[in-house]
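# Fold and contact review
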Amino acid sequence: MKSYHFFILIFLLSASLKTVANDDWKKLCEDPEYLHRSVKEVTDVMVHDIYSPPVASRIYAYVNIAGYEAAHYQDKNYISFVGRLHGLSHLSKPVLGKEYCYALAGVSALLSVAKSMVISEEKIRNFYDAILKDFKATGIPDEVFNNSIVLGGKIAGDVITWSLQDNYQQTRSLSKYIVNNDAATCKPTPPAYRKAIEPHWGELRTFLIDTAQQFKPVPPTKFSTDTSSRFYKEARDVETIGSNLTAEQTEIANFWDCNPFKMNVNGHVMYATKKISPGGHWINITRLACRKINADFMQSAKSYAYLSVVLADCFISCWDEKYRSKSIRPETYINKYISQRWVPLLQTPPFPEYTSGHSIVSAAFSVLLTSLFGESFAYADSTEVEFQIPVRYFNSFGEAAKEAAISRFYGGIHYMPSITCGLEEGRKIGEFICQKLLVVKHEKALHLAAIK
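In what follows, the accompanying structure is described. These numbers were taken from a predicted model, which means no experiment stands behind them. Think of each chain on its own: its residues are numbered from 1, step by step along the sequence as written. Owing to the predicted nature of the model, reporting of local features is limited to residues with pLDDT of at least 70; listing and counting of side-chain atom pairs is limited to 80 or more, with chain, interface and lining totals taken over all residues. The basis for every side-chain value is the complete set of heavy atoms in the structure, and neither hydrogens nor water enter the calculation.

Looking now at helix H15 (residues 397-410). In a regular helix each residue adds 1.5 Å, so 14 residues correspond to 20 Å; H15 covers 20 Å between its end C-alpha atoms and thus fits that length. Burial analysis of H15 places 10 of its 14 residues in the buried class, the great majority of the element. For every residue, the accessible area (1.4 Å probe, protein chains only) is compared with the maximum for its type, and the residue is labelled buried under 20%, exposed over 50%, or partly exposed between those bounds. Each helix is a run of DSSP H or I of at least 4 residues and each strand a run of E of at least 2, with the numbering of both proceeding from the N terminus. Within the sequence span of H15, burial applies to Phe397, Ala400, Ala401, Glu403, Ala404, Ala405, Ser407, Arg408, Phe409 and Tyr410. One or two positions beyond H15, positive phi appears at glycine 412, with a value near 85 degrees. Here the expected span of a helix is defined as 1.5 Å times the quantity of residues minus one.

Now the structure itself:
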């Protein structure tokens, strides 16, 4: 009898050890690198396809919201966006009794939405197929794998349906920006003389801010060609700094250029170079921060999603003002009224000057990133290394935001009020969204506790 009990004990112990071994896939599948790689792939495809900053912000928002929503079921401390974002009233849920890998569902949802929103759909599809093989290699059971893919697909479909109601498609057929004879308004600039892009972006449905006009900045400085006027002085300040840049100022301007489509001219030959967008740069900073603190999958998914909402609303707010004021760019004004030979360090973007989008986005990101990761968060920003621009080091997100903003002045593409007012607008948007998203105190405490 004792021998019988002994063999039963050995059998149960063996089965228990086998179960533990078979459950190793759970820990492997929850590796946040699956998420980081997926977001980076979306960024790379957007650089390849040359999306303008506002269009890129919309893509980031929908893909990262989808990823978060499909993954957040693994931890009840993370709250759905349903009922919190405008127009988002319903999303599919897991089926009771079925087992899921929510990290896989999140990646599946993210990439499925991305595939529907980019030109290079095949690039996303190939990456998706490759990362699914990586998940399979963890030993995840087939049933769990299939359940997770189905859930991710359903949530992706729901998010895509929601995205179709944001007025984006309708703005594709609206009128283009018309250049007029008003000397105060934006005109095409060298070398490509492209028409101003996305004049109706401010008409898109916002994600969390009440309306595009909620944080409307003060009007820009009144246009004047009088050499004693404030506007002339502001333009002269741009011309002066641009003509006397230090090596450090030049490096700062180039680091934060973030021009997705720079037209280069060499004699009679014109060719474009591609770089990351301003939003893409800050999304990359988010990844660097998550990696530095070893944030888990859900902490990372939450960071991407929350910051993408900030990003999208910032561009809607900014573009609303740009096409209300239609302010002339420094290059146009300086060449006509101050110096015909003056050329800005950075290529002037094809949209009105006021306010500075990079300033708004950077200020808003710094508010939310500080809330999530702490006040004195030092980091090395290697975002631009792949574009042959060296690493820069920052002691806080606020420090980086201020540098990003002033870089537009050094680059010669913004007057100073556009930068200072942009920083103020971005700060207000960031604080509003931070209050809305981190409304549950324990959620914020949970994230901050993880980084200490």
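Turning our attention to the side chain of lysine 275. Considering the arrangement of structural elements, one finds lysine 275 in the loop between strand E2 (269-273) and helix H11 (278-292). Of the residues examined, lysine 275 reaches a relative accessible area of 15% and is grouped as buried. Side-chain polar atoms of lysine 275 contact the side chain of aspartate 257, separated by 3.2 Å. Contact partners of lysine 275, with chain neighbours within four places excluded, come to Val47, Asn254, Asp257, Cys258, Asn259, Pro260, Glu384, Phe387 and Ile389. Between N or O atoms, a polar contact is any pair within 3.5 Å; within protein, one atom must be a potential hydrogen donor and the other a potential acceptor, and residues adjacent in sequence are included only when both atoms are from side chains. Whether two residues are in contact is decided by their heavy atoms: any pair within 4.5 Å suffices.

This part covers helix H3 (residues 33-49). Across its 17 residues, H3 extends 24 Å between first and last C-alpha, which sits within 8% of the 24 Å expected from 1.5 Å per residue. Isoleucine 50, located one to two residues past H3, shows a positive phi value of around 60 degrees.

Now for unusual backbone geometry. In this model, proline 190 is joined to proline 191 through a cis peptide bond whose omega is 0 degrees. With respect to the helices and strands, the residue proline 191 is situated in the loop between helix H8 (168-171) and helix H9 (230-243). Between tyrosine 354 and the following residue, threonine 355, the backbone shows a cis peptide bond with an omega angle of -5 degrees. Inspection of the secondary structure puts threonine 355 in the loop between helix H13 (330-337) and helix H14 (357-373). Positive phi is not limited to glycine here, since cysteine 258 has a value of about 50 degrees. Topologically, cysteine 258 is positioned in the loop between helix H10 (247-255) and strand E1 (262-266).

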